[in-house]
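Coordinate inspection notes
Spelled out from the first residue to the last, the chains are:
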Amino acid sequence: MDMFIIRGGRPLTGEVTVSGSKNAALPVMAAALSANGTCRLRNVPDLADVRTLSTLLSELGTSVMREESGELVITTEDASRCVAEYEQVRRMRASICVLGPLLGRRGRACVSLPGGCNIGHRPIDLHLKGLAALGANIRVERGYVVAEADRLRGTNVYLGGPFGSTVTGTCNVMSAAVFAEGTTTIEAAACEPEVVDLGEFLISMGAHITGLGTPFLKIQGVERLEGTEHTIIPDRIEAATLMMAAAITSGDVTLHGVRVDHMTAVVEKLREIGVIINVDGQLVRVRSERPLRSTDCIALPYPGIPTDVQAQLTSLLATVDGISIVTDKIFPDRFMHVSELLRMGASIRREGNNAIVSHTSRLSGASVMASDLRASAALVLAALAADGESVVRRIYHLDRGYEHLETKLQQLGGEVRRVRDEPQNVPTSLQPIEDDTGPNIQRPHFTRSIAVRRATSDESSAS
Ligand code: EPU
């Protein structure tokens, strides 16, 4: 297993290019199962999740090859296979994206249920409700969802749930409905740019879909879809993460290849706290100087602030003046990063789906453990701003969703090293503190973060 060693305190400066979107690429790759012929995808990021899905697609009889140009070429060779095994699905929840395409194109899908998740409870009831409304016969057997239909029938489907719509649920129902007989309307469809990207991919294969980007989709079923070419949209979550990396280090970074129109809420929020952002087409320059101001922010479905940047925003707000409240209305338990940020001296109190973030005069480097993809990014940001060295462990989470993150940060002057997670690689500054009661030992941050942490864990165990 690898870990990052990060020496903080250096402003990030320079230029970097944003990669293709993970969350757009995955459902698009899955939908390539529906094509007669070959699909060529450009701008697919080179990520662990993309490799996991490639393996799953090959197990489903579809070859996935990355050409030297970087294009991903996907061709179905055997359309009789319909089983997505637990071995792949447990590695990546987004494997569930094959459910709709398999059912729509092959008439049968047998997909392992993904199981638990570090960011909270993640049911797929809305996916199943939508597919059942299209006439699929659905049952759960030995941990697998089995969905079958000779021919799906167009109908009206409502996909609203207690936390808004569902992104991959909309992808699944849309990918199945393109093959249904007649017309399907999806109400409360997710409006995220990644859903729009999938819709545009399906349209380029011959599907008839209107209303993309709105909560009302209308889909006229077709008999078959053809191979096509498509370019994946830039990753708005990576772009937001890099913008916050510039802000938290008081840097000056220019990002290339950004769809700022996909990031209005994030850009506004960063401007509100005092970050200077200049936009010129797909070029975004981000500068920040202290002091920055506190704010309240709520993670909501698109076009709101994405839950996928909530953790990174929490790190940034931990370093600004005043008290901020960060609320997650999509994944109310997505706060695993908080305990680790406390270890770096942040002052954060968790109350239900809120994190109350107070100003910390300085974060201090520490050994911290990543718990999921975006929590890992939040820890990297905090480490870039902290005094001294930090170790961020379990960065395999980061590798799932950020393409060459350490290279990009190094390109901006960040001191980030990837090493094996072995005791001899831990920097001396982070070796265990001697149990010395002598008068010369100074560890104010360490003492303070322990005190805050106790208070918080008592509260959370009471709730
Ligand atoms: N929900 C239900 N029932 C369902 C489906 C979802 O109640 O059948 C609830 C969820 O529990 C959650 C909310 O609805 O509270 C939204 O979940 P959604 O289905 O939209 O999430 P997802 O499709 O599983 C995608 C992204 C996530 C991102 C969320 C929210 C992909 C592959 N994943 O997940 O990305 O956080 O939408 O925007 O697109 C990440 O990239 O780190 C990540 C977790």
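These numbers were taken from a predicted model, which means no experiment stands behind them.

**Considering the site of the ligand**
Near the ligand there are 23 residues, and of these Leu126, Thr166, Thr168, Asp308 and Ile330 occur at the shortest range. Contacts to the ligand include Asp125, whose side-chain N or O atom sits 2.7 Å from a nitrogen atom. Within the contact set of the ligand, an oxygen atom lies 2.7 Å away from a backbone nitrogen or oxygen of Val167. Within the complex, the protein chains bury 91% of what would otherwise be the 820 Å² of accessible surface of the ligand.

**Let's talk about the sheet that holds strand S19 (residues 283-287)**
Sheets are built from strands paired through backbone hydrogen bonds, the pairs being either parallel or antiparallel. Here four strands make up an open sheet; going across it, the order is S2-S17-S19-S18 and the pairing mixed. Edge positions in the sheet fall to strand S2 (13-17) and strand S18 (276-280), since each of these pairs with one other strand and no more. For this sheet, the mean inter-axis angle between neighbouring strands, taken without regard to orientation, is 15°. Bridge analysis of strand S17 (residues 252-256) against S19 gives four bridges, and the strand direction is antiparallel. Opposite Val253, over in S19, you have Val286 as the bridge partner. Lying on the sheet, helix H8 (residues 236-248) is in contact with S2, S17, S18 and S19; it crosses S17 at an angle near 165°.

**Brief notes about the packing of helix H1 (residues 22-31) against helix H2 (residues 48-59)**
Where H1 contacts H2, the axes come no closer than 10 Å and their chain directions differ by 5°. As judged from the angle between their axes, H1 and H2 are roughly parallel. Contacts from Lys22, Leu26, Met29 and Ala30 in H1 reach Asp49, Val50, Leu53, Ser54 and Leu57 in H2.

**Regarding helix H12 (residues 373-385)**
Over its 13 residues, H12 extends 19 Å from the first C-alpha to the last, a length consistent with the 18 Å expected when each residue adds 1.5 Å. Of all 13 residues making up H12, 12 are buried, and the element is well covered by its neighbours. A side-chain oxygen of the first residue of H12 lies 3.1 Å from the backbone nitrogen of Arg374; this N-cap is Asp372.

Calculation criteria
Residues numbered from 1 in each chain as written. Predicted model: local features only at pLDDT ≥ 70, side-chain atom pairs only at ≥ 80, totals over all residues. Heavy atoms only, no water. Near = heavy atom within 4 Å. Polar contact = N/O pair within 3.5 Å; in protein donor to acceptor, adjacent residues only side chain to side chain. Areas by Shrake-Rupley, 256 points an atom, 1.4 Å probe, with all protein chains shown as cover. Pairing = 2+ DSSP bridges. Helix = DSSP H or I, 4+ residues; strand = E, 2+ residues; numbered from the N terminus. Axes fitted to C-alpha atoms, helices over the stretch in contact; angles between N-to-C directions. Contact = heavy atoms within 4.5 Å. Parallel < 35°, antiparallel > 145°, perpendicular 65-115°, else oblique. Expected span 1.5 Å × (residues − 1). Buried < 20%, exposed > 50% of the residue type's maximum accessible area, 1.4 Å probe, protein only.

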